[in-house]
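# Fold and geometry: a report
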Amino acid sequence: MATMQNAYPAESFRVIHPLEDAPEAKRQSAGLGPIEMTLPVRVSLIVLRAYLLAMGLMLIEHVLDLAGVLHRIH
């Protein structure tokens, strides 16, 4: 059976727990500006917004129907 040879000696790696590690510097987003979107991304976000709006309206209609506010003739 073939064995893998590690290019680095075992002494060169130290495992540090994230809670014991020094905090890393956070990136600043103040001067980045808006993100440029491609046309497919923009269209998919518009479709997603329309879908969520339709689902919200259907939920409101269902709750009002259950509350008896909407009177339908079946």
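See the structure printed just above.
## Side note on a nonpolar patch on the surface
The grouping of Ile35, Met37, Val41, Leu45, Leu48, Tyr51, Leu52, Met55 and Met58 at the surface amounts to a nonpolar patch, some 890 Å² of accessible area in total. Residue placement: Met37 occurs in the segment before α1 (39-67). For Met37, a relative accessible area of 35% gives the class partly exposed.

## As for α1
For α1, spanning 29 residues, the distance from its first C-alpha to its last is 42 Å, which sits close to the expected 42 Å at 1.5 Å a residue. Phi turns positive, to about 85°, at Gly68, one or two residues after α1.

## Remarks on the environment of His17
Among the secondary structure elements, His17 is positioned in the segment before α1. From its side chain, His17 meets the backbone nitrogen of Leu19 in a polar contact 3.1 Å long.

Conventions used here
- Residues numbered from 1 in each chain as written.
- Predicted model: local features only at pLDDT ≥ 70, side-chain atom pairs only at ≥ 80, totals over all residues.
- Heavy atoms only, no water.
- Patch = residues over 30% accessible without salt bridge, like charges linked within 9 Å, V, L, I, M, F, W, Y side chains within 5 Å.
- Areas by Shrake-Rupley, 256 points an atom, 1.4 Å probe, with all protein chains shown as cover.
- Salt bridge = Lys/Arg side-chain N within 4 Å of Asp/Glu carboxyl O.
- Helix = DSSP H or I, 4+ residues; strand = E, 2+ residues; numbered from the N terminus.
- Buried < 20%, exposed > 50% of the residue type's maximum accessible area, 1.4 Å probe, protein only.
- Expected span 1.5 Å × (residues − 1).
- Polar contact = N/O pair within 3.5 Å; in protein donor to acceptor, adjacent residues only side chain to side chain.

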